[in-house]
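Structural overview
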Amino acid sequence: MQAARLALPALDVRAGISSDSANVRRVVARGRYEYDDELTWPGRSFEGTPGVALITPLRLADGSAVLVDRGWAPSPDAFHVDHAAFRELDTATVNGVARRLPRGRGDVEAAAGFLPFVIELANPDPARGLPRRWPAPSFDNGPHLSYAIQWFSFALIALVGTAVMIRKGR
């Protein structure tokens, strides 16, 4: 289902778009970054290095704003970061994938006036350096088969172990 949604044409971001219609869709937004209101999501690691995600509001031409996950920046304590070191151009055309706002992010939930999703930037530019863009999600089957084998093995061990214990108890 996610692959089918990502195959749809890119959606232009504007006021009034619901999180259901934008979730896991490619989107395009044009506007001006508001670096003074930038947020960080602490405790994010990238290839084993502690850091934060830089979440920057993008003010659109219609006056609405959307949060843009510009990527990961290193931070020794995975909490504090020098925001000025990671500023890009003020005006931007953002291409990415829209994701619903994560639950439990009080700083974002308290921030009124934002569209109900975050844009994760796509197409990392290695020449740009930091902040690093998140890698694209993979749509493979993952480790489901190995987990199934593992849990069926546990069940078999429990059944055989119970039978052996009952037999020895007699």
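Structure first, text after, so check above.
Notes on the structure follow. (Residues numbered from 1 in each chain as written. Predicted model: local features only at pLDDT ≥ 70, side-chain atom pairs only at ≥ 80, totals over all residues. Heavy atoms only, no water.)

Bringing the overall build of the chain into the picture now. A tally of regular secondary structure across the chain gives 4 helices and 7 strands. Counting helices and strands in the order they occur from the N terminus, the chain gives α-β-α-β-β-β-β-β-α-β-α. When burial is assessed residue by residue, the chain has 34% of its 170 residues classed as buried. A sequence separation of at least 24 residues applies to 61% of the contacts in the chain between residues at least 6 apart. (Helix = DSSP H or I, 4+ residues; strand = E, 2+ residues; numbered from the N terminus. Buried < 20%, exposed > 50% of the residue type's maximum accessible area, 1.4 Å probe, protein only. Contact = heavy atoms within 4.5 Å.)

Right, let's talk about a nonpolar patch on the surface for a bit. A cluster of nonpolar side chains, Tyr147, Trp151, Phe154 and Ile157, forms an exposed patch at the surface whose accessible area comes to about 490 Å². The topology assignment puts tyrosine 147 in helix H4 (residues 144-169). Looking at tyrosine 147, the relative accessible area reads 46%, which means it is partly exposed. (Patch = residues over 30% accessible without salt bridge, like charges linked within 9 Å, V, L, I, M, F, W, Y side chains within 5 Å. Areas by Shrake-Rupley, 256 points an atom, 1.4 Å probe, with all protein chains shown as cover. Salt bridge = Lys/Arg side-chain N within 4 Å of Asp/Glu carboxyl O.)

Quick look at the nonpolar core now. One finds Val13, Val66, Val94, Phe117 and Ile119 to be the most contacted residues of the largest nonpolar core, which totals 19 residues. Of all the elements, strand E7 (residues 114-121) adds the most residues to this core, at 4 residues. When sequence neighbours within four positions are dropped, the list of residues in contact with valine 13 reads Val27, Val28, Ala29, Leu60, Val66, Leu115, Phe117 and Ile119. (Core = buried A, V, L, I, M, F, W, Y, C linked by side-chain atoms within 4.5 Å.)

A pair can form between side chains of opposite charge whenever their charged atoms are brought close. Under the counting rule described, the total for this entry stands at 8 salt bridges. Salt-bridge contacts for aspartate 12 lead to arginine 30; the nearest nitrogen and oxygen are separated by 3.5 Å. Within this pair, whereas aspartate 12 is found in strand E1 (residues 11-12), its partner arginine 30 is found in strand E2 (residues 25-33), the two being separated by 18 residues in sequence. Across the pair glutamate 34 and arginine 59 runs a salt bridge, and its minimum N-O distance is 2.9 Å. A residue pair is termed long-range when its members are at least 10 positions apart, and glutamate 34 in the loop between E2 and strand E3 (39-46) and arginine 59 in strand E4 (residues 49-60) qualify at 25 residues. On the basis of relative accessibility, which here comes to 22%, the residue glutamate 34 falls in the partly exposed class. Look at arginine 59 and you get partly exposed, because its relative accessible area is 32%.

So yeah, pure geometry; function would need other evidence.
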